[in-house]
Amino acid sequence: MQLAGLPELKYFEPQGVGPDTTPWYRKPNLRLLYLILFPTCIGVEMTSGFDSSMMNGLQALIHGINVIYHSPRSTLLGVMSAMYSAGAILALPFVAAVSDGLGRRFAIGFGSVIMIIGAALQAASQNFAMFVVARTILGFGIPFAIVGASSLLAELGHPKERAILGSLFNSCYFIGAIVAAGVTFGTFSMPSNWGWRIPSLLQATPSLLQITFVFFLPESPRWLVSKGRGDEALAILAKYHAEGDTESEFVKVEYIQIETTLEIEKENSKVGWLDLMRTPGMRRRILIGAFLGLATQWSGNGLISYFLARILDNVGIHSNRTKNLINLANTCWGFLNATVLALYVSRFKRRTVYLTCAISLLVVFTGWTVASARYAIDGSQGASRAVIAFIFIYSPCYDMAYNALSYTFLVEIFPYHVRAKGIVVFQLLGRLAGFFNQFVNPIGIANAGWKFYISYCVWLLCEVVFIYFLFPETSGRSLEELAFLYEGDEHLEQRRRVENEIRHEVKDDSHSSQKIEKID
């Protein structure tokens, strides 16, 4: 039989363990853990969502345009938007060292403190230069929190809910985006600096939540084992995965898999940056991580996230109130479909979902481009409404994979000892792509109009080809099994060692029981 309703841990079949039919919300310790994980880990991306929606709203904010941007040219607007990504790029060389060396919790807290400083400076800005510097500081803090939080979600959550937790991580982007869209809609006509200072100040809210609750959050069991603190790791696994039952067969198997896998990883791998390219399997992981970083930014989402106001100008919608309403409505729709997809998409095969996502985005963006061209030719109101429709259709097509699965997939393909570095590679390429997008998009929209969208159609076609030929299937397996996804020999060695450990545990338990019976 399978282990406690957990299809991932399928090497061993400990006797006496029945199917785990109890949902997480009926397990007090696990329920408490997930309640703490929401503000500290799952909610980290609220900061990025707030930022993109706020920048969209400020472009349509009457007083903000005049005071902060001074009616910016497309180049200055690109610089303003891109500095958030630039700050993240500057931080990335240090992120893995902090997350792996000092712990996942420390990385979350450290990044949150930096973001609070950035938000405070942003709200207090007196000129363009100060606002740009503040956004750079904000961007510098976000990768620490993202890498620490996404790793901790997978390493601390119960394996039965691991994929869902990872999928919900990105859906919280829309919570921040909805708040920002609502706030900028409420302040867009304020005749004072507080019209833009209020949204800027509120950007610190997610980081304040993380700092408040991170002290109640346990550390990653895998990180503790890697630091020789196995007793602490076992206690955490027992408390949250077995409701305090230290004799749980499930927890014993889980702990042995973690411990044995980390030992094999250390024996077969170095952890320097250059060593990431040492083996064919690791090179393929890096290639996929880098591709995902580019794909999550170059699939057209950057246009909607940061430059929706300019897109709407190009199809004849010039009312600032209408722009903010569309921004708010699209953000709420994004949150709805992203959350639903996060809860259900993990039931399907990863590669299939990614292929469906890329193909549907290509179809939607092609239609969007044709409708934009039609409006540019004859000013058709039908074409204008079609563009708005495609913007709303785009959201679930993107969210089904690039939003719901990206961090789940990254955690699955990268073994523990390079997991933080793998996510840093993803972040680096994503931030570089985002910086390029945020700088180039306003220039392209202003100078090329609808023709600029053709470049996105070509890139989306490349995405379909890449996913079809290079993406592996990772669903239905544990993190420990996936640690050797491309390394067959190490996988067999891992299985042999863990089986021996389990037999040793069972033999010890049997001897102990016989001794007790003799004493009785």
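Residues numbered from 1 in each chain as written. Predicted model: local features only at pLDDT ≥ 70, side-chain atom pairs only at ≥ 80, totals over all residues. Heavy atoms only, no water.

The name recorded for the chain in an unreviewed UniProt entry is Hexose transporter, from Gymnopilus junonius. UniProt annotates the chain under Sequence similarities (unreviewed entry) with the comment "Belongs to the major facilitator superfamily. Sugar transporter (TC 2.A.1.1) family." Note on the chain: under the UniProt heading Subcellular location (unreviewed entry), the record states "Membrane". (UniProt positions renumbered as here; feature names shortened; annotations may be inferred.)

J.: So, the packing of aromatic side chains: which residues are in play, and what are the values?
T.: A complete count under the given rule lists 28 aromatic pairs for this structure. Ring plane angle 55° and centroid distance 5.9 Å describe the contact between Y354 and Y402, whose orientation is recorded as tilted. Here Y402 lies in helix α18 (residues 381-403) and Y354 lies in helix α17 (residues 350-378), a separation of 48 residues in the sequence. Taken as a pair, Y354 and Y402 share a single burial class, namely buried. Aromatic pair F365 and Y453: ring centres 6.3 Å apart, planes at 85°, arrangement edge-to-face. With F365 in helix α17 and Y453 in the loop between α20 (416-448) and α21 (454-470), the pair connects residues that are 88 residues apart, well separated along the chain. Of the two residues, F365 and Y453, neither departs from the other in class, the shared state being buried. (Phe/Tyr/Trp six-rings, centres within 6.5 Å; stacked < 30°, edge-to-face > 60°. Helix = DSSP H or I, 4+ residues; strand = E, 2+ residues; numbered from the N terminus. Buried < 20%, exposed > 50% of the residue type's maximum accessible area, 1.4 Å probe, protein only.)

J.: Account for the layout of surface pockets, naming residues and giving values.
T.: The calculated volume of the largest pocket comes to roughly 470 Å³. Around the largest pocket, the lining is made up of 20 residues, and of these W24, Y34, I164, L168 and L343 lie nearest the centre. Those elements that place two or more of their residues in the lining of the largest pocket are α1 (28-40), α7 (162-171) and α16 (320-344). Grouping the amino acids of the lining of the largest pocket by side-chain chemistry returns 13 nonpolar, 4 polar and 3 charged. (1 Å grid on protein atoms, 1.4 Å probe; cavity = no way out; pocket = protein on both sides within 12 Å on 5 of 7 lines; lining within 4 Å. Points joined across faces, edges and corners; volume = space filled by probe spheres on them. Nonpolar A, V, L, I, M, F, W, Y, C, P; charged D, E, K, R; others polar.)

J.: Lay out the packing of α7 against helix α8 (residues 173-187) with the relevant residues and their values.
T.: The geometry of α7 relative to α8 is characterised by a closest axis approach of 4 Å and an angle of 20° between their N-to-C directions. Classified by the angle their axes make, α7 and α8 are roughly parallel. Every residue of α8 that contacts α7 at F169, N170 and S171 is listed here: Y173, F174 and I175. Classifying every residue of the contact of α7 with α8 by side-chain character gives 4 nonpolar, 2 polar and no charged. (Axes fitted to C-alpha atoms, helices over the stretch in contact; angles between N-to-C directions. Parallel < 35°, antiparallel > 145°, perpendicular 65-115°, else oblique. Contact = heavy atoms within 4.5 Å.)

J.: Give me the pattern of salt bridges: which residues, what numbers.
T.: This model, assessed by the stated rule, comprises 11 salt bridges. Among the salt bridges present, the one from D100 reaches R104, with a minimum N-O distance of 2.9 Å. Assessed through its relative accessible area of 16%, D100 is described here as buried. (Salt bridge = Lys/Arg side-chain N within 4 Å of Asp/Glu carboxyl O.)

J.: Any details on empty space enclosed by the protein? Residues and values, ideally.
T.: All told, the structure shown has 6 cavities of 30 Å³ or more when counted by the stated rule. Volume-wise, the largest cavity comes out at about 720 Å³. Considering the residues around the largest cavity, the lining is formed by 38 residues, among which Y173, Q297, N301, S305 and Y398 are closest to the centre. Looking at the lining of the largest cavity residue by residue, the classes come out as 13 nonpolar, 22 polar and 3 charged.

J.: How would you summarise the environment of A181 if you had to cite specific residues and measurements?
T.: By the element assignment, A181 lies in helix α8. According to the relative accessible area criterion, A181 is buried, its value standing at 0%. A181 sits 150 residues away from T331 along the chain, and the two C-alpha atoms are 7.5 Å apart. What A181 contacts, discounting residues up to four positions off in sequence, is S53, N327, L328 and T331.

J.: Mind laying out a nonpolar patch on the surface, listing which residues take part and the relevant values?
T.: Taken together, W333, L336, V340, L343 and Y344 make up a surface patch of nonpolar side chains, about 450 Å² in accessible area. Within the secondary structure, L343 sits in helix α16. (Patch = residues over 30% accessible without salt bridge, like charges linked within 9 Å, V, L, I, M, F, W, Y side chains within 5 Å. Areas by Shrake-Rupley, 256 points an atom, 1.4 Å probe, with all protein chains shown as cover.)

J.: A description of α20 should follow, citing residues and the corresponding values.
T.: Since the α-helix packs 3.6 residues into each turn, any two residues three or four apart lie on the same face. The terminal C-alpha atoms of α20, which comprises 33 residues, lie 45 Å apart, in line with the 48 Å expected from a rise of 1.5 Å per residue. At V440, α20 shows its largest bend, some 35°, and a proline, P442, comes one to four positions later. Two residues or fewer after α20 comes G449, characterised by a positive phi angle close to 65°. (Expected span 1.5 Å × (residues − 1). Bend = angle between axes of the 7 residues up to and from the residue.)

J.: Can you tell me about α7, naming the residues and giving the values?
T.: The element α7 is largely enclosed, with a buried count of 9 among its 10 residues. All of the buried residues in α7 are R162, A163, L165, G166, S167, L168, F169, N170 and S171.

J.: With reference to specific residues and values, describe the side chain of E155.
T.: For E155, the position within the fold is in helix α6 (residues 128-156). A distance of 2.7 Å separates a polar atom in the side chain of E155 from a polar atom in the side chain of S220. Those residues in contact with E155, other than ones at most four positions away along the chain, are R104, S220, P221, R222, Y416 and R419. (Polar contact = N/O pair within 3.5 Å; in protein donor to acceptor, adjacent residues only side chain to side chain.)

J.: Which residues make up the packing of helix α15 (residues 301-313) against α16, and what values do they have?
T.: In contact at an axis separation of 10 Å, α15 and α16 are set at 140° when each is read in the N-to-C sense. Classed by the angle they form, the pair α15 and α16 counts as oblique. Pair α15 / α16 crosses with right-handed handedness. Between α15 and α16, the contacting residues are I304, L308, A309, L312 and D313 on the first element and K323, I326, N327 and N330 on the second. When its residues are assigned to classes, the contact of α15 with α16 shows 5 nonpolar, 2 polar and 2 charged. (Left-handed = near helix turned anticlockwise from the far one by under 90°.)

J.: Just give me the short version of the nonpolar core, but keep the residues and values in it.
T.: Ranked by internal contacts, the top residues of the largest apolar core, which has 132 residues, are Y354, F365, Y402 and F471. Sort the elements by how many residues they give to this core and α6 lands first, with 13 residues. What F365 contacts, discounting residues up to four positions off in sequence, is S299, G300, L303, Y394, Y453, Y456, C457 and L460. (Core = buried A, V, L, I, M, F, W, Y, C linked by side-chain atoms within 4.5 Å.)

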